[in-house]
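Listed here are the chains, written in short residue letters.
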Amino acid sequence: MAKYFLIAGEASGDQHAAALIEQIKQRDPQAQFIGLGGDRMVAAECRLYRDYSHMAFMGFDAVLRHWRDVRDNFRIAQDALLSERPDVLILIDYPSFNLRMASFCRKHLPNTRIVYYILPKVWAWKRRRIHQIARLCDEVLAIFPFEPAYYAKYGYRCTYVGNPTMEGIERFAQSRKTATLKVERPLRSKMIALLPGSRPSEVSHCLPRMLDAARRFPEYSITVCAAPGIDDAFYTPYLRAGEALTRDTYTTLLQAAAAVVNSGTATLETALLGCPQVAVYHLALSPLVALIRWAQPFFFSVKHFTLVNIIAGKEVIKECIANEFTSDCVADELQRLLTDEAYKKEMLANYKHLSDSLGSLPASATAADIITSRQ
């Protein structure tokens, strides 16, 4: 009977960890699961030492404000590892925390296998982390098809297991009794979807500008997609009468005429569901965007900021980043998405190429096969 310790520091990691747990249970019915994560991991029968609501801090200022929580998170995780002595430590993204825990585990629990699933985006920035990951981890499992080649350039082994976002969309399609991702799309409603992010700070920074832009199209209704772990009451002060809040993000994207999406995994989900979109991203030092754009070749290994454009290797969707993220910029792009049929058709064709490039491997099942076969 193997014991698995999983660490997920935010909502998407919690979702991916839960799917992985379910697959491991099918292969190892007596397995035990403990770790740090959220409600979905609990529903998958994982006993938590810490909820990710105490961990999802993004940016230097947020970490500084919550330094006591950050310190406690490390202490709790370290004590739990020493107490549980798991057979396998599974790290889900969240690199600043998880790489430190991998180092701790390697030093104090040398017999524990370390698996990294949902890798840090070393191909985008902080590429030095690739050496740390390869040194500390027994298995390096990629969710983007270009990652194994990137690791191979440095002489490291990395295995592509499929993309869990694609897998989630497939499950959604099957739930609608549709055999493939080619979901039968209904006639698009006159609705604009807004996805303001998964953290309260992201919502508070992004949602007002998103709403201001969408309200310039009064013939369209507005639906805001709420994030797991954020109460409905947090969104209420931003909304006017007639503006909807939903937790059924996939159905909303399937029906929307266009979407405004905070950069992250949500841009990939939106693309795989075939919804035209504009991506936004708030930066606290937004006046420095010109410097950021100029310095990008020196600090980043990619030309774009959103997953859709990074995977495609070109601009498929418009990116409104930092001081380019204004209501006017978003409204201009929405106007184009809603009225320029040729532009929208080209975007949807690029979405199809993106879907094809990710392939059909079931990510959580493939990862579970690898993890359990080495026990």
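The paragraphs below set out a description of the structure included in this document.

Definitions and limits used
In every chain, residue numbers begin from 1 and rise along the written sequence. Reporting of local features is limited, given that this is a predicted model, to residues whose pLDDT is at least 70; pairs of side-chain atoms are given and counted only at 80 or more, and all residues count toward the totals for whole chains, interfaces and linings. Derived side-chain values reflect all non-hydrogen atoms in the structure, with water molecules and hydrogen atoms excluded from consideration. Here a cavity denotes a set of grid points, spaced 1 Å apart and computed over the protein atoms alone, in which a 1.4 Å probe fits but from which it cannot get out, and a pocket denotes an open set meeting protein on both sides within 12 Å along at least five of seven lines; residues with an atom within 4 Å of a point are reported as lining. Grid points are joined across faces, edges and corners, and a volume is the space filled by probe spheres set on the points. Only runs of H or I of at least four residues qualify as helices and only runs of E of at least two qualify as strands under DSSP, and these elements are numbered from the N terminus. Note on residue classes: Ala, Val, Leu, Ile, Met, Phe, Trp, Tyr, Cys and Pro are nonpolar, Asp, Glu, Lys and Arg are charged, and everything else, Gly too, is polar. Axis definition: a line fitted to C-alpha atoms, limited for helices to the stretch in contact. Angles are taken between N-to-C directions and run from 0 to 180 degrees. Throughout, the term roughly parallel applies to angles under 35 degrees, roughly antiparallel to angles over 145, roughly perpendicular to angles from 65 to 115, and oblique to all others. Here, two residues are considered to be in contact whenever any of their heavy atoms come within 4.5 Å of each other. Should DSSP find at least two bridges between two strands, the strands are regarded as paired. The buried label goes to any residue with under 20% of its type's maximum accessible area, the exposed label to any with over 50%, and the partly exposed label to all in between, with areas taken from a 1.4 Å probe on protein chains only. Counted charges follow a simple rule, with Lys and Arg positive, Asp and Glu negative, and His plus the chain ends left uncounted. Counted as salt bridges are all cases of a side-chain nitrogen of Lys or Arg within 4 Å of a carboxyl oxygen of Asp or Glu. Note on convention: near helix rotated counterclockwise from far helix by under a right angle means a left-handed crossing. Clockwise means right-handed. Buried Ala, Val, Leu, Ile, Met, Phe, Trp, Tyr and Cys residues that are joined via side-chain atoms within 4.5 Å together make up what is termed a nonpolar core.

Within this structure, the stated rule accounts for one cavity of 30 Å³ or more. There is about 50 Å³ of room inside the largest cavity. Every residue lining the largest cavity is listed: Gln15, His16, Ala19, Tyr117, Pro164, Glu167, Gly168, Arg171 and Ser364. Elements that contribute at least two residues to the lining of the largest cavity include exactly helix H1 (11-27) and helix H8 (164-175). Considering every element that reaches the lining of the largest cavity, the biggest residue donor is H8, with four residues. Residues that form the lining of the largest cavity fall into these classes: three nonpolar, four polar and two charged.

As a packed pair, helix H12 (residues 265-272) and helix H16 (residues 341-358) sit with axes 9 Å apart at the nearest point and diverge in direction by 110 degrees. If you check the angle between H12 and H16, you find them roughly perpendicular. Of the residues in H16, those in contact with Leu268, Thr270, Ala271 and Leu272 of H12 are Tyr351, Leu354, Ser355 and Leu358.

What the six strands build is an open sheet, ordered S10-S9-S8-S11-S12-S13; its pairing is parallel. Here the strands that pair on one side only, and so sit at the sheet edges, are strand S10 (244-246) and strand S13 (318-321). On average, each strand axis in the sheet is inclined to that of its neighbour by 20 degrees, with strand direction left out of account. As judged from the three bridges shared by strand S9 (residues 221-225) and S10, these two strands associate in the parallel manner. Bridging across to S10, Cys225 finds its partner in Thr246.

Moving on, we come to the pairing of strand S5 (residues 113-117). Most of S5 is tucked away: five of the five residues are buried. Side chains of S5 alternate between two faces, with Arg113, Val115 and Tyr117 and Ile114 and Tyr116 buried alike. Where strand S4 (residues 88-92) lies against S5, five bridges are found, and the strand directions are parallel. Each residue of the ladder has a partner; that of Leu91, found in S5, is Tyr116. Sheet analysis places S5 next to strand S6 (residues 139-142), joined by three bridges and oriented parallel.

Further remarks concern the side chain of Glu269. Following the sequence through the fold, Glu269 ends up in helix H12. Among buried charged residues, Glu269 stands out as having no salt bridge; its nearest opposite-charge side chain is Arg40, 7.8 Å away.

Moving on: the environment of Ile230. On the secondary structure map, Ile230 appears in the loop between S9 and helix H10 (232-235). Judged by relative accessible area, which is 5%, Ile230 ranks as buried. Between the alpha carbons of Ile230 and Arg199 there is a distance of 7.6 Å; along the sequence they are 31 residues apart. Sequence-distant contacts of Ile230, defined by excluding residues within four places in its chain, comprise Ser198, Arg199, Pro200, Val203, Tyr235 and Arg247.

For Ala312, the position within the fold is in helix H14 (residues 307-312). Residue class for Ala312 comes out partly exposed when judged on its relative accessible area of 34%. In sequence terms Ala312 and Leu354 are 42 residues apart; their C-alpha atoms lie 6.2 Å from each other.

What follows covers the packing of helix H9 (residues 200-214) against helix H15 (residues 327-339). At a closest axis distance of 8 Å, the pairing of H9 and H15 adopts a crossing angle of 45 degrees. Our classification of the angle between H9 and H15 gives oblique. Here H9 runs over H15; the crossing is right-handed. Here Arg209, Asp212, Ala213 and Ala214 of H9 lie close against H15, whose contacting residues are Ser327, Val330, Ala331 and Leu334. Broken down by class, the residue content of the contact of H9 with H15 amounts to five nonpolar, one polar and two charged.

This brings us to the nonpolar core. Ranked by internal contacts, the top residues of the largest apolar core, which has 126 residues, are Tyr4, Ile90, Tyr117 and Leu194. Ranked by residue count, the leading element in this core is H9, at seven residues. What Leu194 contacts, discounting residues up to four positions off in sequence, is Leu207, Met210, Leu211, Ala214, Ile222, Thr223, Val224, Cys225 and Val260.

Phi at Ile118 is positive, roughly 70 degrees, even though this residue is not glycine. By secondary structure assignment, the location of Ile118 is in the loop between S5 and helix H6 (129-136). With phi around 55 degrees, Ala322 is a residue other than glycine that occupies positive phi space. You can see Ala322 is positioned in the loop between S13 and H15.

In short, shape yes, function no, at least from these values alone.
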